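Coordinate inspection notes
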Amino acid sequence: MERKVRVRFAPSPTGPLHIGGVRTALYNYIFAKKNGGDMILRIEDTDSKRYVPGAEEYIIDALNWIGISFDEGIVEGGKYGPYRQSERKKIYKEYVDQLLVNDKAYIAFDTPEELEKARQEVPNFQYDSKTRSQMRNSLTMPKEEVERLIREGEQYVVRFKVEPDRDVEVNDLIRGKVTINSNILDDKVLYKSADHLPTYHLANIVDDHLMEITHVIRGEEWLPSAPLHVLLYEAFGWQDTMPQFVHLPLLLKPVGNGKLSKRDGDKLGFPVFLLEWKDPTSGEISSGYREKGYLPEAVVNFLALLGWNPGDDSEMMSIEEIIDKFSFEHCSKSGAKFDYKKGIWFNHEYIGKADNVRLALLFHSILLEHGVTDADPVYVEKVIGLVKGRADLLPDLWTQADFFFKAPETYAEKDVKKRWSEDTPRIMEELIGVLEGIDDMTSANAEKIVIDWITEKGYHLGNVMNAFRLAVVGACRGPHMFDITELMPKEEVITRIRRAIEKIKPE
Ligand code: GLU
């Protein structure tokens, strides 16, 4: 029988979710949606030493920001719960015992010092079929001794008994069949008596099985663990319901070779986290895509294309279109260069297309930051409509439109030099008169009247228009002048020209 598609995103709450993890979550989500399946959030917190407070909430908030929600998880609940591994201790113990009883695992008492000594004495030491007979474990010690030590509270671990000389096959939807020999695997620790907790490998396999996961979609960095996972499925006798593996290509540095790191972001000025993150220990703040002024749909579109292509030349795609076109056949095996400039390009395109009312809401906090508290929302929407095509990031809306909200206090020196001559104040006075006479300030109408006046007087078009702009904007920049004066109240335009006449002193 076809099983219902069930995928999981299984982060360890060791800090903020890195952009590579976000891409993994996104591909899981897309695949689940495409197949009408379930998306599960499982928190893999069995390593208590690495637990970072706030990380769980952060992961959920960050994914929600880009529209990823879960069908089951620590917030939604679900019939396969609990979804936090630290709350599943009892379950794991049962399965560890099952492996021990079936001789698929054994108990080892070697202390860290003893292991270190073995590493010093045996070149390339690995705890495996060749060395386990020389170590202190339940395979080499009498049963009574093992039982006594456990009774006396001696710390131990449970190790997986990897059979030597076996070819282990991992079937991966992107990589095809990968075969490795079991001799390169060590007898991995599955459980530690010290904290009564399983390690990642055991908890991961048991949970994927119990939660009826059908596809394990995760980063390439987990590929080396996959052969061990296959052997664990076999050891439990679960090979028939083993999930399909999908290892996603690494995200690579934008320049140079190697894996993308936070340092690349710091150096080149792009975030590697979705939301700003404050490290609870150091207080250090790392920037986020949201706070930098990206739109979530731009981030989604950009990330979706890091490792996958739609098979045609579509670039701008809504999440629905991505889901529609998605397949692992079009995922690449080789790493995907993190071209952050492409991310900025997407954002530029999406801001240009975004609804003005929505942008105005997002722009509100930027206005407040600049001390603008009383802007009329309808005015803000119109201004945004005029400048949004020029913004890469949301704060660029301010750099493009600041003069709509604040009259210039200074005038760009080099523009003054070039465009403001002795004659200019007189011509600007005349311009005020012309503007006062215009009833309909819509762009085309005002433009026609002003240009007719300039032509009739035989003035220099460029000089007059640039002086006009200098007076209203403070510099020779910004959208079409008559688009500006269509939006800005006429009295404000005239006041600004008057102020410029008073304040600008040509050399
Ligand atoms: N807890 C692992 C992580 O932090 C999960 C890896 C997996 O998906 O199997 O990414």
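Here the structure is a predicted model, which is why all the values come from computation and not from measurement.

1. A short note on the pattern of salt bridges
Using the criterion set out here, one finds 39 salt bridges in the structure. Of the charged contacts, one joins R175 and E220 as a salt bridge, the two residues approaching to 3.8 Å between their closest N and O atoms. With R175 in the loop between β5 (167-172) and β6 (176-181) and E220 in the loop between β9 (215-219) and α7 (226-236), the pair connects residues that are 45 residues apart, well separated along the chain. Using a relative accessible area of 16% as the deciding quantity, one classes R175 as buried.

2. Things to note about the site of the ligand
Around the ligand sit R8, A10, S12, E44, Y200, N204, R218 and W222, and that is every residue in its neighbourhood. At 3.1 Å from a nitrogen atom of the ligand is found a side-chain nitrogen or oxygen belonging to S12. Separating an oxygen atom of the ligand from a side-chain N or O atom of R218 is a distance of 2.8 Å. Alone, the ligand offers 300 Å² of accessible surface; in the complex the protein occludes 85% of this. A class-by-class count of the residues in the shell around the ligand yields three nonpolar, two polar and three charged.

3. Regarding the side chain of R6
Within the secondary structure, R6 is located in strand β1 (residues 6-9). For R6, a relative accessible area of 5% puts it in the buried group. A polar contact of 2.7 Å, which involves the side chain of R6, links it to the side chain of E72. Beyond its immediate sequence surroundings of up to four residues, R6 is in contact with D38, I40, E72, Y80, M211, E212, I213, T214 and H215.

4. Considerations on helix α13 (residues 356-369)
Between its first and last C-alpha atoms α13 spans 20 Å; for 14 residues at 1.5 Å apiece the expected length is 20 Å, and the two agree. F363 marks the point of greatest bend in α13, at about 35°. Listed in full, the buried residues belonging to α13 are L359, A360, F363, I366 and L367. As for α13, its buried residues are in contact with α12 (340-353), α14 (377-387) and α15 (395-405).

5. Some remarks on the sheet that holds strand β4 (residues 157-160)
The strand order β3-β4-β7-β8 describes an open sheet built from four strands, whose pairing is antiparallel. In this open sheet, the two edge strands, each paired with only one partner strand, are β3 (105-108) and β8 (197-198). Note that β4 and strand β7 (residues 189-192) share three bridges and pair antiparallel. Directly across from R159, in β7, lies its bridge partner V189.

6. Concerning the packing of α14 against α15
Between α14 and α15, the least distance of the axes is 10 Å, while the angle of their chain directions is 135°. Considered as vectors, α14 and α15 are oriented oblique to each other. Where α14 crosses over α15, the two elements pack in a sense that is right-handed. Note on element contacts: α15 touches α14 through L397, Q400, A401, F404 and F405, opposite Y379, V380, V383, I384, L386 and V387. Here the residues of the contact of α14 with α15 are counted per class, giving ten nonpolar, one polar and no charged.

The rules behind these values
- Residues numbered from 1 in each chain as written.
- Predicted model: local features only at pLDDT ≥ 70, side-chain atom pairs only at ≥ 80, totals over all residues.
- Heavy atoms only, no water.
- Salt bridge = Lys/Arg side-chain N within 4 Å of Asp/Glu carboxyl O.
- Helix = DSSP H or I, 4+ residues; strand = E, 2+ residues; numbered from the N terminus.
- Buried < 20%, exposed > 50% of the residue type's maximum accessible area, 1.4 Å probe, protein only.
- Near = heavy atom within 4 Å.
- Polar contact = N/O pair within 3.5 Å; in protein donor to acceptor, adjacent residues only side chain to side chain.
- Areas by Shrake-Rupley, 256 points an atom, 1.4 Å probe, with all protein chains shown as cover.
- Nonpolar A, V, L, I, M, F, W, Y, C, P; charged D, E, K, R; others polar.
- Contact = heavy atoms within 4.5 Å.
- Expected span 1.5 Å × (residues − 1).
- Bend = angle between axes of the 7 residues up to and from the residue.
- Pairing = 2+ DSSP bridges.
- Axes fitted to C-alpha atoms, helices over the stretch in contact; angles between N-to-C directions.
- Parallel < 35°, antiparallel > 145°, perpendicular 65-115°, else oblique.
- Left-handed = near helix turned anticlockwise from the far one by under 90°.

Interpretation in functional terms is not warranted from these geometric data alone.
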